[in-house]
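# Observations on chain architecture
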Amino acid sequence: MTVRVTVLKNGMRVLTDRMDSVETVSIGVWVDIGTRHEPSQINGVAHLLEHMAFKGTERRSALDIAAEVEAVGGHLNAYTSREHTAYYAKVLKQDLGLAVDILADILQRSIFDSKELERERAVILQEIGQANDTPDDIIFDFFQERAFPDQAMGRPVLGRVEIIRRIDRDTVAAYMRRHYAASGMLLVAAGNVDHDALVRLAEPAFAELPLDRSARSEAARYVGGELREPRDLEQVHVVLGFPGFPFSDPDYYSASVVSSALGGGMSSRLFQEIREKRGLVYAIYSFTHAYSDSASSASMPAREKRRWRS
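Residues numbered from 1 in each chain as written. Predicted model: local features only at pLDDT ≥ 70, side-chain atom pairs only at ≥ 80, totals over all residues. Heavy atoms only, no water.

## So, the packing of helix 9 (residues 251–263) against helix 10 (residues 269–277)
Using the following cut-off: A fitted line through C-alpha atoms serves as each axis, taken over the contacting stretch for helices, and the angle formed by two N-to-C directions is quoted from 0 to 180°. In this text, helices come from DSSP runs of H or I with a minimum length of four residues, and strands from runs of E with a minimum of two, each type numbered from the N-terminal end. Working definition: roughly parallel below 35 degrees, roughly antiparallel above 145 degrees, roughly perpendicular at 65 to 115 degrees, and oblique for all remaining angles. We call two residues in contact whenever any of their non-hydrogen atoms come within 4.5 Å of each other. All amino acids are sorted into three groups, where Ala, Val, Leu, Ile, Met, Phe, Trp, Tyr, Cys and Pro are nonpolar, Asp, Glu, Lys and Arg are charged, and the leftover types, Gly among them, are polar.
Relative to each other, helix 9 and helix 10 sit at 20 degrees, their axes nearing to 3 Å. In terms of their interaxial angle, helix 9 and helix 10 are classed as roughly parallel. Between helix 9, through Ala261, Leu262 and Gly263, and helix 10, the contact on the second element is made entirely by Arg269, Leu270 and Phe271. Each residue belonging to the contact of helix 9 with helix 10 can be placed in one class, and the counts come to 4 nonpolar, 1 polar and 1 charged.

## A short note on the nonpolar core
Quick reminder of the rule: Think of a nonpolar core as a cluster: buried Ala, Val, Leu, Ile, Met, Phe, Trp, Tyr and Cys residues, connected wherever their side-chain atoms sit within 4.5 Å. Exposure classes here rest on a 1.4 Å probe applied to the protein chains alone. A residue is buried below 20% of its type maximum, exposed above 50%, and partly exposed in between.
Grouped together as the largest cluster of nonpolar side chains are 57 residues, with contacts concentrated most on Met12, Ile27, Tyr87, Leu187, Leu198 and Phe206. Leaving out residues up to four positions away in the same chain, Leu198 has contacts with Val14, Thr16, Ile27, Leu96, Val100, Leu187, Ala189 and Val193. With 8 residues, the next largest nonpolar core counts Phe148, Met153, Ala220 and Val239 among its residues.

## Description of the sheet that holds strand 6 (residues 185–191)
We apply this condition: We call two strands paired when DSSP finds no fewer than two bridges between them.
Ordered by their spatial adjacency, 6 strands build an open sheet running 1-2-6-3-5-4, and the pairing between neighbours is mixed. Pairing within the sheet leaves two strands with one partner each, and these edge strands are strand 1 (2–7) and strand 4 (75–80). In this sheet, neighbouring strand axes are inclined to one another by 15 degrees on average, regardless of whether the strands run parallel or antiparallel. As defined by bridge partners, strand 3 (residues 24–31) adjoins strand 6 across 7 bridges and the pair is classed as antiparallel.

## With respect to helix 1 (residues 45–52)
Burial analysis of helix 1 places 8 of its 8 residues in the buried class, which makes it a mostly covered element. If you follow the buried residues of helix 1, they end up packed against strand 4, strand 5 (85–92), helix 4 (114–132) and helix 7 (169–179).

## Overview of helix 9
Going by this rule: Working rule for helices: expected span equals 1.5 Å times residues minus one. Relevant arc is that of directions from the helix axis to the C-beta atoms, nothing else.
With 13 residues, helix 9 should reach 18 Å at 1.5 Å per residue; the first-to-last C-alpha distance of 18 Å fits that figure. When we look at burial in helix 9, the residues that qualify are Tyr252, Ala255, Ser259 and Gly263. Burial along helix 9 is one-sided: seen end-on, the buried residues are contained in an arc of 60 degrees. Opposite the buried face of helix 9, at more than 90 degrees from it, the exposed residues are Tyr253 and Val257. Buried residues in helix 9 make contact with helix 10 and strand 9 (281–290).

## Remarks on the side chain of Arg155
Just so we agree on the cut-off: The charge count treats Lys and Arg as positive and Asp and Glu as negative. His and the chain ends do not count. For salt bridges, the criterion is a side-chain nitrogen of Lys or Arg within 4 Å of an Asp or Glu carboxyl oxygen. Side-chain atoms alone can form a polar contact between residues adjacent in sequence; in general such a contact is a pair of N or O atoms within 3.5 Å, and within protein one must be able to donate a hydrogen while the other accepts it.
With respect to the element layout, Arg155 can be found in the loop between helix 5 (135–147) and helix 6 (161–164). No salt bridge is formed by the buried Arg155; the nearest opposite charge belongs to Glu218, separated by 5.2 Å. Of note is the side chain of Arg155, whose polar atom sits 3.1 Å from the backbone oxygen of Glu38. Contacts of Arg155, omitting those with residues within four sequence positions, involve Thr35, Glu38, Pro39, Ser40, Asn43, Arg82 and Arg160.

If you want it as structure tokens, here you go:
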């Protein structure tokens, strides 16, 4: 494996990890914008923008975007987190140019059609409902909100129903113009890829990106506390968490090792003691979740209702 990094003229970084033993390439653009950069009145706009980027550009319809990638056996997807939004593709090595072109197209020339927005708004409302109906999913939003109350870091990535219903097309487009800039983007490719060839593709493909962004975020303040939501279910889902280390802290790696030893798999202390020896739970694990300036460490047991004692 050979890792190389180049900074384009507009400030966008290009990183590759070459693997000659494979015939494919995974490539994506990571934008350092996420939920923590949203004003409270438009919570969920970063996630809505991620959805809308696939709904048509000046050159392609929503169907064209999907069909062009899948016609060559490729895969295109995206996700939003609290600090990043990622758009990525997986293709055969000979289709790298197509992947770069589509990624550049959706990140620079999306039209945010109003009719598509209304349809996608309904999709996201369904996604929020699905998360609310899934206790082992929504519990992490509850934990985040309690750990970082009254902060952007504590708000849900999917947004809130009442806000998603009123975000309009101009708000989404303006958010992209203000925050999606070359200086805050990283183009990454891993697989059978030539670094210099990718740089030659990327330089003109992403030339229309703004150079600078206006994104700001408040410092994360871990507060903690307690939250309980009774539901008529057969299990109770519990998260126990505490402050951890940000990515930049040298102790982040030590904390990750400790977390793995405690609850990182079936041989971990928690799994062996709580499930294997005592049979009290179906699943139990621990993890560290780091951010640029904060973090949390947590363990989560999912326990049968009849075994729960308050």
